[in-house]
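Below are the chains, spelled out letter by letter.
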Amino acid sequence: MIELRHITKRFGGVPALEDVSLEVRPGERLALIGENGAGKSSLMNVLYGLYQPDAGEVCFDGQAVKVKTPAEALARGVGMVHQHFTLVPTLTVTENVVLGREPTSWGRLDRARAEKEVAATCTRFGFQLDVSAVVQELSVGSQQKVEIVKALHRGVKTLILDEPTAVLTPQEADELFAVTRHLSDEGLAVVLISHKLREVLSFSTRIAVMRRGKKVAETTPAETSPEQLAGLMVGTEVPSPRERGEGQGEGPPLATLEKLTAKGLHEISLSIREGEILGIAGVDGNGQRELAEVLTGLREWSGGTFTYSGNTLRSWNPRTAREQGVAHIPEDRLRRAIISDLSVEENVSLGRQTRAPFAKGPLIDFDKRRACTTALLEANDVRPRDPKIRAGGLSGGNQQKLVVGRELDAAPKLLVVVQPTRGLDIAAVAAVREQLRDQRTRGCAVLLVSLDLDEVMELSDRIVVLCGGRVSGEFGRAEFDERLIGRCMLGVGSAPHPDPLPASQGEGDLSA
Amino acid sequence: MRKALPSILSVISAILICFIAAGLTRDFGTAVDAFMAMWWGAFGDWPKFLETGASTTLLRPLGEAATKAAILTFTGLSVTVAFRVGLFNIGAQGQLVVGALAAAVVGAKVELPALLHLPLCLLAAAAAGALYALGPAILKLKRGVHEVISTIMLNWVAVSLVDNWLVTGPLRATTSGDNSASGTDQIHASAELPRLLGDLSRLNFGIVLALIAAVLTWVFLTRFTRGFEWKAIGLSQDAARASGIDVERGFIEAMLLSGAFAGLGGAVLILGTELKYPASLGAPWGFDGIAMSLIGQGHPLGVLAISTLFGGLRAGGTRMQLFGVHKSFPELIQGLALLLVAARMLWDKLIDRLSPRKPA
């Protein structure tokens, strides 16, 4: 059994953890929940030897131990799988798993033995993995399994998963939970860091809630409800989502694609009207990303036409798109939206860096940039409210708030949003959804891509389903039906088309 | 200031280590003499000046130091601006060679009043360097050729073409009455960089040009939106592109400027001290630019400061020979300093430990 006793950790005077005590027992599935910045990851980083606590101690079986490095944590049977994987993409599964403690013969990697050992670990814990596959060719879900196997192979007794489902499809998430259940049956302790209440309630045997660096509650799924947990995490009652409200009605089409073909897209025809949210549903990797890239000027098309604001476009790139009022909230914010090594205010100016209020002729307008950033941080509740710090120092949720705030600040005509709430906590999710609705009310055309069908259905006025890079269905608000949309996502029959498909299959892919 | 600390500590440590090495291989008395001689040779022989009152004891060393500092500053800036957009221009040497040749040819073959001739020579050198750097940039954009490979290779192309063929062949000095002449024709007086102190010292206008270039680069990179866009490109091409920044244009612009700076370094060498394209350029100025940029931490004014220091030490290094210490110590110091800057994690930890703790 592991005990964290009265742990306190400060960063530059700001307490990240204050007098937190927590037990981790063998064979349990403990969920650690809380908003972004509540201290969940910090607490686990203390246990994993990444942070040294300023006060308090970590006890293994009643003995206080100073865990100074992850290597020491591993030696004591604690393994952690981070959101960002630490695999070498060009090596095989086996090579990645044994990396650092390779079985050798005569100084060379004993590949046969290594593969046998890794395969044995996989079998023992119920993982289905091709141990000789090259990691970069695996899906994200399988890569995550490799990370877990890597920890298990080192004989860990306690496995910490940091927001494991943030990168997974619903099906992969289900699989992950099935596997981790198996692990706890084997006597391992599994700690899940999350803020998705639904998965927490279905997965865990015990729940610890954190808020602002303190543990505020400990409970079990049977004793609590999503509403209660949400309240504990946020500290106040969570406002129930406002009625969806009708779209401002059918404005004129702002962007129209006709038989548009590009890499990953085949003869897409759709139009986005002013004052509506057009939801794009689909299983991951069916052309959603490509569609968003075409609209924002990041991808060229080879056939068909793209009409924007009444003009048939010939050339379209991110700059012209931005000049014409297109804003983009991309899926991968660290790759496309935020530059970690720039300051917050520099990031705020990105995209409008050559225009007022961020530029004065060819020069940067430092004063207005500062003023603008300060206002934006305030309006979007980005913490800390410091325009000068590195953007990479913000937590994921605050980075996303920054991106959303920046893109909406430009008062766009077309807003392309991909997975806007991924990795956000409840309060932030509610805020982002509210902002998207406000944009629609303002008359903005919003294209929303999300893998979360619930989200698409809740927000959209109209849904277009993509499958294999083609439009496989279109639904008006009145026709929204999870089952029918799900069938279009899988490419079996177009809607509405009552086809006797086994219900279980359809449901399995829809439980987002 | 905190950012400059690792560089400063690295340079000081490098000097100390070299001093100890010199002391151990000879004896410490000699080492002190030799290093003091280097110092006086770099930044003016003050003791002698106070003793004799002869201003040349100060001005002559300063002139040599400034000449070398100017060239190093230009090649250092060359590497720095390319690095801003994330490109590693290892080709400053080649760009400097073609720039130097352009300056030498225009300086010798064209006859114009000084007011036009000198600027034309500088322009020719900058253009030659820029064009020579354009190739790798285009190859990278059109064919995905890594700029490190192409610029390195083009260095040897430039050296072979210029040093081994043009300068010893078609462009070899034709001036009659100077049979022993190697290198190209002497440039006209109208193309020479004016000496600031007449015959007292070789101190010339080159260091002023370098100073102006460093300050303008600094202003451009930190105050102009285009400079900001370069920085964004250098840190994340994907994010820059998605923000509407023309990444390809940034690459081309930065490489052109980078090549132009290297070319100007060559021009300062030819028009300031050599007065013709010589049989040998003396030092791998272009490669030294990489060290200047890295030790200067990519800051134009840092590059200027570091170049001034090492330009000085090199000028003074020759004086070490008077004490039987080899004149390559300045290069040794430079190499060590570079190594120590590269190991900057060492410094960061040390500085963290020594800096006063913020109240928790």
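Note: the structure precedes this text.
This structure is a prediction, so every number in the text was calculated from the model and none was measured.

1. A look at the nonpolar core
Here is step 1: With 95 residues, the main nonpolar core has B:Phe35, B:Phe74, B:Leu271, B:Tyr277, B:Phe310 and B:Ile333 as its most contacted residues.
Here is step 2: Per-element accounting of this core gives the leading share, 12 residues, to helix α11 (residues 247-274) of chain B.
Here is step 3: Not counting chain neighbours up to four residues away, the residues in contact with B:Phe310 comprise B:Val11, B:Leu72, B:Met292, B:Ile295, B:Pro330, B:Ile333, B:Gln334 and B:Ala337.
Here is step 4: Of all hydrophobic cores here, the second largest spans 42 residues; its members include A:Ile33, A:Leu87, A:Ala133 and A:Met233.

2. Some thoughts on the interface of chain B and chain A
Often, the extent of an interface is quoted as the loss of accessible area on bringing the components together.
Here is step 1: On the side of chain A, 24 residues touch chain B, which itself brings 20 residues to the contact.
Here is step 2: Buried surface at the junction of chain B and chain A, summed over both partners, amounts to about 2,000 Å²; 64% is from carbon and sulfur atoms.
Here is step 3: On the surface where chain B and chain A come into contact, there are three salt bridges.
Here is step 4: For the side of chain B that touches chain A, the secondary structure elements donating two or more residues are α8 (206-223), α9 (225-235) and α10 (237-242) of chain B.

3. Let's talk about the state of the cysteines
Residue and element names in this part refer to chain A.
Here is step 1: This model, assessed by the stated rule, comprises zero disulfides over all chains.
Here is step 2: Of all cysteine sulfurs, the one in Cys372 lies closest to Cys444, which takes part in no disulfide; the gap is 18 Å.
Here is step 3: Left without a disulfide partner, Cys488 is nearest to the cysteine sulfur of Cys467, which lies 8.7 Å away.
Here is step 4: When its relative accessible area of 1% is taken as the criterion, Cys488 is described as buried.

4. Re the pairing of strand β22 (residues 445-449) of chain A
All names here are of chain A.
Here is step 1: Along β22, five of the five residues are buried, which leaves the element largely enclosed by surrounding structure.
Here is step 2: Neither face of β22 is left uncovered, since the one carrying Ala445, Leu447 and Val449 and the one carrying Val446 and Leu448 both have all their residues buried.
Here is step 3: The pairing of strand β15 (residues 277-281) with β22 spans four bridges and is parallel. Residue pairing for β22: Leu278 is matched across the bridge by Leu447.
Here is step 4: Relative to β22, strand β21 (residues 414-418) runs parallel, the two sharing five bridges. From the neighbouring strand, Val418 faces β22, where its bridge partner is Val449.

5. Some points on the pattern of salt bridges
Residues and elements named next belong to chain A.
Here is step 1: Under the counting rule described, the total for this entry stands at 45 salt bridges over all chains.
Here is step 2: Here Glu57 makes a salt bridge to Arg5, at a shortest N to O gap of 3.4 Å. Within this pair, whereas Glu57 is found in strand β4 (residues 55-60), its partner Arg5 is found in strand β1 (residues 2-11), the two being separated by 52 residues in sequence.
Here is step 3: Look at Arg5 and you get partly exposed, because its relative accessible area is 27%.

Thresholds applied
- Residues numbered from 1 in each chain as written.
- Chains lettered and ligands numbered in written order.
- Predicted model: local features only at pLDDT ≥ 70, side-chain atom pairs only at ≥ 80, totals over all residues.
- Heavy atoms only, no water.
- Core = buried A, V, L, I, M, F, W, Y, C linked by side-chain atoms within 4.5 Å.
- Buried < 20%, exposed > 50% of the residue type's maximum accessible area, 1.4 Å probe, protein only.
- Helix = DSSP H or I, 4+ residues; strand = E, 2+ residues; numbered from the N terminus.
- Contact = heavy atoms within 4.5 Å.
- Buried area = accessible area lost by both parts, 1.4 Å probe.
- Salt bridge = Lys/Arg side-chain N within 4 Å of Asp/Glu carboxyl O.
- Disulfide = S-S within 2.5 Å.
- Pairing = 2+ DSSP bridges.

Note that all results are geometric; they support no functional claim without further evidence.
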